[in-house]
Amino acid sequence: MTTQEALFQYTLRLGDTNLILGQRLSEWTGHGPFLEEDLALTNIALDITGTAKSLIEYAASIEGKGKTEDDLAYFRNDRQYFNAQMTEQPNGDYARTIVRQAIMDCFDFYFYTELAKSKDETLAGIAQKSIKEVTYHLRHTSSWVERFGDGTEESHNKAQTALNELWQYTGELFEMNEVDAVLMNEGIAVDLNLVKTKWEKHMTELLEKSTLIKPENVFMQTGSRKGIHTEHLAYILAEMQALPRMFPDAKW
Amino acid sequence: MEINKFEEVFEGKLAKNEMVEPKDWMPENYRKHLIRQISQHAHSEIIGMLPEGNWITRAPSLRSKVVLLAKVQDEGGHGLYLYTAAETLGISRDELLDNLHTGRAKYSSIFNYPTLTWADIGAVGWLVDGAAIMNQVMLQRTSYGPYARAMVRICKEESFHQRQGFEIMTRLAFGTEDQKAMAQDALNRWWFPTMMMFGPPDAESPNSENAMKWRIKRETNDQLRQRFVDQTVPQVQYLGLTVPDENLKWNEAKKGYDFSEPNWAEFKNVISGNGPCNKERLAARNKAHNDGAWVREAAQAFAKKRNEIYVAA
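The structure presented is a predicted model; accordingly, all values stated were derived computationally and were not measured.

So, how was this worked out
- Residues numbered from 1 in each chain as written.
- Chains lettered and ligands numbered in written order.
- Predicted model: local features only at pLDDT ≥ 70, side-chain atom pairs only at ≥ 80, totals over all residues.
- Heavy atoms only, no water.
- Helix = DSSP H or I, 4+ residues; strand = E, 2+ residues; numbered from the N terminus.
- Contact = heavy atoms within 4.5 Å.
- Buried area = accessible area lost by both parts, 1.4 Å probe.
- Salt bridge = Lys/Arg side-chain N within 4 Å of Asp/Glu carboxyl O.
- Polar contact = N/O pair within 3.5 Å; in protein donor to acceptor, adjacent residues only side chain to side chain.
- Buried < 20%, exposed > 50% of the residue type's maximum accessible area, 1.4 Å probe, protein only.
- Expected span 1.5 Å × (residues − 1).
- Core = buried A, V, L, I, M, F, W, Y, C linked by side-chain atoms within 4.5 Å.
- Lys, Arg positive; Asp, Glu negative; His and termini not counted.

S.K.: Lay out unusual backbone geometry with the relevant residues and their values.
M.R.: For N217(A), which is not glycine, the phi torsion reads 50° and is therefore positive. In this fold, N217(A) is placed in the loop between α9 (192–209) and α10 (232–246). Despite not being glycine, N17(B) shows a phi value in the positive range, around 60°. Along the chain, the position of N17(B) falls in the loop between α1 (3–15) and α2 (28–53).

Structure below.
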């Protein structure tokens, strides 16, 4: 695998993860639990989708086949998507959305902090911009994990259920393959073991503070590094890609 | 001071084009009229998030997805300023929302029409926000201070939205045959409902007279409607589309277009709950509010606990 091939796949993995998460979050727009929170979650969706756009645009330029960001976003099938399975999980109730988002925000916080030091200047630049946004997202979603955990019995149970159900998708976030190995040699990719240590410590503290129990001995799902997903992704793409695929010659 | 003295001061402010502020005395009818108008406006912003939000997950390019998300978020933000402005008149957000959810309060009828295609997102930005701006520009100089100030910010953002809508229409109208047909279809469906946004003809407008007297409104429904048509027709021509009105004709004597009256029977029907989406819109708002109840309760319970810990320490 050449550096270029690895960089393409790596960037796509990051872009897809942001795109699918943004897509899920934006399903809440107009339907949030109250107006201020609707605006806040939409803002997070906006930031994340913006990051996805920058990353996928960069992936298209690395690939060098004259494709645009939209060609990559709208004309790949689910088996060609590399987003983490966590991001495609349905929103469920608000606790589930918040727990999923807090897990991802915490991951992104440490991940983009490392990626900001990448020798690839474009990735480092995107990471530097993203880290400012993610810092705010993490603060927001962590505060809701605390409120749910230590709020009412109902909110506590909902948050704990969400944690128990979603935890099986956390293992995948830290998987590394040949892509990572090639790029780590070049000082481009992030060492996910390092991110994992920091993420675990942070999550442990957050859950403890929130009176929630961190799931232990969970069997971890895997697959997205090979483009294998849960059943949900194909539906997300069917909805997202319908219009450009219906009119493939059109420019929007 | 006797009531008539208060009234003199109030009338004096209006006469001098000065703002009325929350702590000033104001006639009860003026307060009620404002609460009705500002809260209707706020509800319209919030309900308006639904037809536009309908296309966020299906926006056909990443750029248009990001722009639409930002736009719908702006609309929610407008709702927030306006609810806050209404609260300065002595009514709570809970009461206002309750009026919306139970169907007692009205919102702009235009949002009871469905957004069926991507071109509808263009048409809503271009026509609906365009019409809204016509109404709102004059509200920047409305007599009630908090409302006027909210409108200054809202107008700035709405003009971005209108440009964004027009950009979508431009891409479609100058795109493939299918795209152009999609644009024309959207124009056909949104033209008359947009004209209705200015309200019934002046002769039949029940709330206009006081609104003009109090400088809550500064131009009549018919004046605004005429201005909208005169401004929009050249844009339709630029796009190479056709206004769906056989009677549309330039009238040199009045330096404006003659045009057909919208179907006012349809207007009345949509206002009284029989539009294509009235029930869905209200059901969606109610569902969001009811599903959010435990979230709001959790936040309150948590705040209370933390406050007790803080006080005990």
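S.K.: Explain the interface of chain B and chain A to me, using residue names and the numbers behind them.
M.R.: Listed per partner, the contact involves 45 residues of chain B and 49 residues of chain A. In terms of surface lost to chain A, no three residues of chain B exceed T57(B), L62(B) and W294(B), which account for 19% of the buried area on that side. Here chain B and chain A share four salt bridges between them. Put simply, E146(A) and R306(B) hold a salt bridge, and the shortest N to O gap is 3.3 Å. At the junction of chain B with chain A, the criterion picks out 16 residue pairs in polar contact (both at pLDDT 80 or more). If you list the elements that add at least two residues to the side of chain B that touches chain A, you get α2, α3 (62–87), α6 (145–173), α7 (177–196), α11 (278–291) and α12 (293–312) of chain B.

S.K.: Residue-level account of the environment of K180(B), with values.
M.R.: Residues and elements named next belong to chain B. Structurally, K180 is set in helix α7. Relative accessible area serves as the criterion here: at 30%, K180 is assigned to the partly exposed category. In this structure the C-alpha to C-alpha distance between K180 and M169, which are eleven residues apart in sequence, comes to 8.7 Å. Contacts of K180, omitting those with residues within four sequence positions, involve L172, A173, G240 and L241.

S.K.: Report on helix α2 (residues 35–63) of chain A, specifying residues and quantitative values.
M.R.: All names here are of chain A. Helix length check: α2 (29 residues) gives 42 Å between terminal C-alpha atoms against 42 Å at 1.5 Å per residue, within 8%. With respect to burial, α2 is a largely interior element, 23 of its 29 residues being buried. At the exit of α2 stands G64, carrying a positive phi of roughly 70°.

S.K.: How would you explain the side chain of Q241(A) if you had to name every residue and give the values?
M.R.: Residues and elements named next belong to chain A. In this fold, Q241 is placed in helix α10. At 3.5 Å, the side chain of Q241 forms a polar contact with the backbone oxygen of Y74. Residues in contact with Q241, not counting those within four places in the same chain, are A73, Y74, F75, R76 and Y81.

S.K.: Tell me about the nonpolar core, and name the residues and values.
M.R.: Side chains of nonpolar character tend, in soluble globular proteins, to be buried together. The biggest cluster of nonpolar side chains holds 168 residues, and the ones touching the most others in it are Y10(A), F111(A), F148(A) and W118(B). Considering every element that reaches this core, the biggest residue donor is α2(A), with 14 residues. Discounting residues that sit within four places of it in the chain, W118(B) has contacts with L243(A), W252(A), W55(B), A59(B), P60(B), S64(B), L68(B), I168(B), L172(B) and M182(B).

S.K.: Pulling in residues and values, what's your account of the side chain of D47(A)?
M.R.: Residues and elements named next belong to chain A. For D47, the position within the fold is in helix α2. For D47, which is buried and forms no salt bridge, the nearest opposite charge comes from K129, at a distance of 6.3 Å. Discounting residues that sit within four places of it in the chain, D47 has contacts with E133 and H137.

S.K.: An account of the pattern of salt bridges is requested, with residue identities and associated values reported.
M.R.: On inspection of all chains with the given rule, the structure shows 36 salt bridges over all chains. With a shortest N-O distance of 2.4 Å, E36(A) and R93(B) are connected by a salt bridge. Within this pair, whereas E36(A) is found in helix α2, its partner R93(B) is found in helix α4 (residues 93–101), the two belonging to separate chains. Judged by its relative accessible area of 18%, R93(B) falls in the buried class. Between K198(A) and E114(A) there is a salt bridge, and its shortest N-O distance comes to 3.5 Å. Taken together, the residues K198(A) in helix α9 and E114(A) in helix α5 (residues 94–115) connect sequence positions 84 residues apart. Salt bridges here are not isolated pairs; linked through shared partners, they connect E146(A), D150(A), K209(A), K305(B) and R306(B).

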